[in-house]
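# Understanding the architecture of this molecule
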Amino acid sequence: MSILDAQHDLSAFRQAIRDWLAEVVPPDWKARMARASNEEYIAFQRWWMAERSKVGLAIPHWPKEYGGAGLSQRHLIAVADEMARADAPQNRLFTISLIHMPGTLLPHGTEAQKRRYLSGVANGEVWCQGFSEPNSGSDLASLRCRAVRDGDHYVINGQKIWSSNSMYADHCLLLTRTDPNAQKHRGITYFIMDMRSPGVEVRPIRQANGRAEFGELFLTDVRIPAENMIGAENDGWRVAQATLASERGVISFEGGERQRYEIEAFYRNSLKVGAAWLKDAQLHREFVSFLAEMQAARRLLRRVLEESETQGASASVLPSIVKLSSTVLRQRICSFMVRISGMDGQAFALLAEEPFGSPMFDFLSAFSGTIAGGTNEIQRNIVAERGLGMPRV
Ligand SMILES: Cc1cc2nc3c(=O)[nH]c(=O)nc-3n(C[C@H](O)[C@H](O)[C@H](O)COP(=O)(O)OP(=O)(O)OC[C@H]3O[C@@H](n4cnc5c(N)ncnc54)[C@H](O)[C@@H]3O)c2cc1C
């Protein structure tokens, strides 16, 4: 029986995923990836996507008519939980392809766009998101990348930044300005851009943790066919809300579960080997309070997922509260891990050729969560203004 055949019985479905993961996930994948170059890491991500495709777990959340399995939220939580429990690889390369692109095209794309692009993901097509610009991040609606109509095309000129995995992408979700004289939210148009179009230049950006996961896009006279517009001209801001809303969901649930399993395993191992830090009562108390806070964060996240299936969820401030609390908690835990790992934990990051997976690497990486998808300051503004009714400043 295949995994999807077992979907009518949730525990059999979970067991089928567990059996498949035990068979397919290489036990040494983390150690191998710790030494891997960017290219090897990307090849590994593509391989993992192909394996998921074979058993119908690449795009299980999409409607059946577009190649998905139409699975419910409960099933998706089960998939995420089993992936986390098995410490299976994550599909970071495909985040935009799996979450943001369908979150945008399903409600706003034309039938032709859905047929063309949704099916491509299971075959390994990579998407990136071209929203942020050097002076338009939190204030995204002030973006300036220009699109000018020329017959049945639009000509694009401008710059984008922080575009995750754009070096490997086939397509880009692109926000442009079509009417510079309209109010800033009104003159924006949303396109699908072929990343191999003449005039697209991608320059990787190296991060504090040593990886280069972002690219800067320089767009010079790039021609995009008008049929690649998502929604209507100058209505891109409304479409972009669907992209941004799609970020909330099972993806953050899986991240939270992974961290819980890791931390619990770390604690069990510390007990087993009688780690020195356990003898410090203050450190021990601090650690146990992290475990309690993680449980609270998990419950909140489940509430967000339940809310996302009900009407009016988009008005809720709960996703902002979850993002704030979980990203700050992650930073605090990573900082704690660096502290208790002593000189070894810190020196490893400085001396190793590839520090991936070390406490210092995780600590440096933890900052990105408080910036990506709307900074924590912006989340606080949302909670204050929409949740508590405080005046806008
Ligand atoms: C891991 C990661 C992945 C990303 N991936 C992508 C991607 O694929 N595509 C893409 O387009 N972008 C991506 N981004 C960019 C991200 O969306 C922006 O970094 C984010 O929106 C913040 O914009 P900014 O960097 O321009 O900072 P700014 O907006 O310039 O903010 C600078 C500082 O000022 C604060 N600030 C700004 N406005 C206010 C305000 N009104 N009130 C209080 N404080 C304020 C901010 O909180 C921040 O501390 C990614 C970022 C990260 C970290």
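These numbers were taken from a predicted model, which means no experiment stands behind them. (Residues numbered from 1 in each chain as written. Predicted model: local features only at pLDDT ≥ 70, side-chain atom pairs only at ≥ 80, totals over all residues.)

Further remarks concern the site of the ligand. Taken together, 18 residues lie around the ligand, and Phe 131, Gly 137, Ser 138, Thr 375 and Glu 377 are the ones closest in. By residue class, the composition of the shell around the ligand is 6 nonpolar, 11 polar and 1 charged. Residue contributions to the shell around the ligand reach at least three from each of two domains, namely domain 2 (127-234) and domain 3 (248-387). (Near = placed C-beta within 6 Å. Nonpolar A, V, L, I, M, F, W, Y, C, P; charged D, E, K, R; others polar. Domains from an automatic or database assignment.)

It is worth spelling out the environment of Ala 281 at this point. When you line up the elements, Ala 281 lands in helix α9 (residues 281-308). For Ala 281, a count of 8 C-beta atoms within 10 Å puts it in the exposed group. Between the C-alpha atoms of Ala 281 and Asp 194, which are 87 residues apart in sequence, the distance is 57 Å. (Helix = DSSP H or I, 4+ residues; strand = E, 2+ residues; numbered from the N terminus. Buried ≥ 20, exposed ≤ 12 C-beta atoms within 10 Å, placed from the backbone.)

When two helices pack together, their arrangement is captured by the angle between the axes and the distance separating the axes. Between helix α5 (residues 95-108) and helix α6 (residues 111-122), the least distance of the axes is 11 Å, while the angle of their chain directions is 165 degrees. Of the possible angle classes, the one that applies to α5 and α6 is roughly antiparallel. Here α5 and α6 pass one another in a crossing that is left-handed. For the pair α5 and α6, contact is made by Ser 97, Leu 98, Met 101, Pro 102, Leu 105 and Leu 106 and by Gln 113, Lys 114, Tyr 117, Leu 118 and Val 121, respectively. Considered class by class, the residues forming the contact of α5 with α6 number 8 nonpolar, 2 polar and 1 charged. (Axes fitted to C-alpha atoms, helices over the stretch in contact; angles between N-to-C directions. Parallel < 35°, antiparallel > 145°, perpendicular 65-115°, else oblique. Left-handed = near helix turned anticlockwise from the far one by under 90°. Contact = placed C-beta atoms within 7 Å.)

With that settled, the discussion passes to α6. Buried within α6 we find Tyr 117, Leu 118, Val 121 and Ala 122. The buried residues of α6 occupy one face: seen down the axis, they fall within an arc of 150 degrees. Looking at the packing, one finds that the buried side of α6 touches α3 (38-54), α5, β4 (171-177) and β5 (188-194). A positive phi of about 100 degrees marks Gly 124, the residue just after α6. (Arc of directions from axis to C-beta.)

Turning to the confidence of the model for the protein chain, a few remarks are in order. Detailed reading of the predicted coordinates is not advisable wherever pLDDT is low. Across the protein chain, the average pLDDT comes to 88, with 93% of residues at or above 70. Between residues 351-355, whose pLDDT stays under 50, and residues either more than four places distant or in other chains, the model counts 8 contacts. (pLDDT = per-residue confidence, 0-100.)

According to the domain assignment, the protein chain contains domain 1 (4-90), domain 2 (127-234) and domain 3 (248-387). Each of domain 1 and domain 2 has a C-alpha centre, and these two points are 31 Å apart.

By the element assignment, Ile 371 lies in the loop between α12 (359-365) and α13 (376-387). Ile 371 gets classed as partly exposed once you count the C-beta atoms within 10 Å, which come to 15. Counting along the chain gives 327 residues from Ile 371 to Phe 44, while the straight-line C-alpha distance between them is 27 Å.

With that out of the way, let us pick up the nonpolar core. If you look at the biggest cluster of nonpolar residues, it comprises 64 residues, and the most contacted ones within it are Trp 127, Cys 172, Phe 191 and Met 193. If sequence neighbours within four positions are ignored, Met 193 has contacts with Gly 130, His 171, Cys 172, Leu 174, Val 222 and Ile 224. Ranked by size, the runner-up nonpolar core spans 7 residues in total, among them Cys 334, Met 337, Met 360 and Ala 366. (Core = buried A, V, L, I, M, F, W, Y, C linked by C-beta atoms within 7 Å.)

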